Amino acid sequence: MTLTQTFVFKCQEFQALHGIKRWVIALSGGLDSIVTLELAHRYLSDLPIVAVHVNHQQQAQANAWQAFCEEQCAKRNISFYPHVITPVGRSEKILRDARYHCFESFVVAGDCLLFGHHGNDQAETMLFRLVRGAGLSGLSAMPESRKIAQGWLLRPLLSLAQQQLCDYAQQRSLAWVDDPSNLSLDYDRNFLRHKVVAALLEHWPHAAEKMAQSAQLLATDQQLLTDYLAQDLEALMVFNKKVSSSVQGMSIERWSALTKTKRIAVLRYWIASVLKRPVSHNELQKCLVDVIDSREDSQGFCQFADYQLRRFKNQLFLLKDINIEKHWPALKVQEEQHRLTHGQLVVSQASAGVMLEDRMYWQCNAPGLRIKGVNRPSKKLKQLFQETGIPPWQRAGWPILMCDGEVVAVPGICIAHQWFASATANSENKLLFSLDWQPM
């Protein structure tokens, strides 16, 4: 298919599949984005089209480029939305992250963000990841489409060589801007483009297209592998309500029964699916050494940004960091549920339980606290938590009902015998309440 046919087919197919209601052009002013703008204007006008420009203020001509993009949109009667930002740093990653942050804040449900990435870009990405030691997922390079914020991102020209875009722009007498930083070999991608990909194309003119094709084949294989790993993972996951009411844990015993290759693949897939990003070899090794292969009572964990991988009772848990409340809500009998950042405290009427008093209050667990439960010997809360299978990382945030410095109840575990009452022994005919704590 020609460039035009490829673009129209990809976009119309995507529109029908995902119910696209608006096209959003990522417009830098360069060749690729100008060609995308022109194609959208000519062939996608049945839906609203807008353009988003990110001005990084990194070049002296940055404001002139913004004005150029606005002029190109005005000529085509396309709404133009500039974002002027000041990134902290000049690295490729910093600039890219800042750019995508703008796109994510702009895109809404029903939007499809169109990029002009082509086969040469894909070849550069593939080589860049290859030299950094990427696996199957990384070598799949850029996906043709994916979710972004509430909308979608599509690269309809990803299978085409850059020369095809150049030919189209010249045939249409299109104007575009050239960023001089694209010539600087200080940037890794520029080095690949000018020193590696250029040499490949000189010897194999269709190398970029063939590498883009390889990336697509690898992406297909990766998706197939993901489907298989998802099935394997499902068979390993179990609920432990004492640990969390919403998060499943992975059975180490079942996981260990897999072959070594599959164990590593399943673990990587699980963590990556939760974090929504790839997991490096070093990170995976740290999980194995510090958590899985550690002593069960070592309380070792791996930190992944705002997630922690922990081990407890022969299970692995990937839990989001939660800020434990330092000040508990005042006890109000009429409010039967207290939703906190790290769990839910449920206070409900019962035939047996605690007779609540105004002088009672909530506090976090603290060292040295003891309780003598109904038909139980007196013991420290630390021992109580151990016996009832409460994970170490949840104990500090467990709500404790107190009265004048004395433990009244540990919700979900026990009530102190001197504070426990039943309907038959309730001579004052006061309301009784059961207490439960459901950690997140």
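The structure this text deals with has already been given above.
These figures come from a predicted structure and were not determined experimentally.

What counts and how
Residues numbered from 1 in each chain as written. Predicted model: local features only at pLDDT ≥ 70, side-chain atom pairs only at ≥ 80, totals over all residues. Heavy atoms only, no water. Helix = DSSP H or I, 4+ residues; strand = E, 2+ residues; numbered from the N terminus. Rg over C-alpha atoms; globule rule 2.2 N^0.38 Å. Buried < 20%, exposed > 50% of the residue type's maximum accessible area, 1.4 Å probe, protein only. Contact = heavy atoms within 4.5 Å. Lys, Arg positive; Asp, Glu negative; His and termini not counted. Charge placed at Lys NZ, Arg CZ, Asp CG, Glu CD. Core = buried A, V, L, I, M, F, W, Y, C linked by side-chain atoms within 4.5 Å. Phe/Tyr/Trp six-rings, centres within 6.5 Å; stacked < 30°, edge-to-face > 60°. Pairing = 2+ DSSP bridges. Axes fitted to C-alpha atoms, helices over the stretch in contact; angles between N-to-C directions.

**Student:** Give me the lowdown on the overall build of the protein, citing residues and values where you can.
**Tutor:** Scanning the protein for helices and strands turns up 14 helices and 21 strands. Over its C-alpha trace the protein gives a radius of gyration of 30 Å, far above what one expects of a compact globule, namely 22 Å for 440 residues. Put simply, the protein has 440 residues, and 46% of those count as buried. Partitioning the contacts of the protein with sequence separation of at least 6, the portion at a separation of at least 24 is 66%. Here the protein holds 47 positive side-chain charges and 42 negative ones, and the gap between their average locations is 5 Å.

**Student:** Would you mind going over the nonpolar core in detail, with residue names and values included?
**Tutor:** Burial of nonpolar side chains together is a common tendency in soluble globular proteins. If you look at the biggest cluster of nonpolar residues, it comprises 36 residues, and the most contacted ones within it are Phe-7, Trp-23, Leu-27, Val-35, Leu-44 and Leu-114. Within the residue set of this core, elements represented by two or more residues are helix H1 (3–18), strand E1 (22–26), helix H2 (31–43), strand E2 (49–55), helix H3 (62–75), strand E4 (111–114) and helix H7 (162–171). No other element matches the six residues that H2 contributes to this core. Judged by nonpolar contacts, the second largest core, of 30 residues, contains Val-354, Ile-400, Cys-403 and Val-408.

**Student:** Go over the packing of aromatic side chains, please, and point to the residues and values.
**Tutor:** In this structure the tally under the stated criterion is nine aromatic pairs. Ring plane angle 85° and centroid distance 5.5 Å describe the contact between Phe-103 and Phe-115, whose orientation is recorded as edge-to-face. Note that Phe-103 is positioned in helix H4 (residues 92–106) and Phe-115 in the loop between E4 and helix H5 (119–131), a separation of twelve residues in sequence. We classify Phe-103 as buried; its relative accessible area is 3%. For Phe-115, a relative accessible area of 8% translates into the label buried. When the ring of Phe-312 is compared with that of Trp-393, the centres are 6.1 Å apart and the planes differ by 80°; the resulting orientation is edge-to-face. Residue Phe-312 is located in strand E10 (residues 307–312), and its partner Trp-393 is located in helix H14 (residues 392–395); the two are separated by 81 residues in the primary sequence.

**Student:** How would you explain the sheet that holds E10 if you had to name every residue and give the values?
**Tutor:** Strand order in this open sheet of five strands is E7-E8-E11-E10-E9, and the pairing throughout is antiparallel. On the outer flanks of this sheet lie strand E7 (237–239) and strand E9 (301–304), each paired with one strand and no other. In this sheet, adjacent strand axes meet at a mean angle of 30° when their direction is disregarded. Of the strand pairs in this sheet, E10 and strand E11 (residues 315–320) are connected by six bridges, and their pairing is antiparallel.

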